[in-house]
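Read off the chains here:
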Amino acid sequence: MRDLVPGGYVFTHIVFWSVVSLVALGTNAVAIILSVGVVLMAVEAFQAR
């Protein structure tokens, strides 16, 4: 699990993405934010190797 989040700070990222998801639900930007998040996690996962 630690390798799936940028920086390895699991709790910080859980809080951060929870806030981002609440904002996204309010602004109908869910698809954009999810796609950006998936790309960022993929980039960080490949850089860690």
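For the structure itself, consult the block above.
These numbers come from a predicted model, not from an experiment. (Residues numbered from 1 in each chain as written. Predicted model: local features only at pLDDT ≥ 70, side-chain atom pairs only at ≥ 80, totals over all residues. Heavy atoms only, no water.)

A. Highlighting the layout of surface pockets. By volume, the largest pocket amounts to about 180 Å³. Forming the boundary of the largest pocket are Trp-17, Val-20, Ser-21, Ala-24, Leu-25, Val-30, Ile-33, Leu-34, Gly-37, Val-38 and Met-41. Listed by contribution, the elements that provide at least two residues to the lining of the largest pocket are α1 (10-27) and α2 (30-48). Considering each element in turn, the lining of the largest pocket owes the most residues, six residues, to α2. Among the residues making up the lining of the largest pocket, the classes are represented as nine nonpolar, two polar and no charged. (1 Å grid on protein atoms, 1.4 Å probe; cavity = no way out; pocket = protein on both sides within 12 Å on 5 of 7 lines; lining within 4 Å. Points joined across faces, edges and corners; volume = space filled by probe spheres on them. Helix = DSSP H or I, 4+ residues; strand = E, 2+ residues; numbered from the N terminus. Nonpolar A, V, L, I, M, F, W, Y, C, P; charged D, E, K, R; others polar.)

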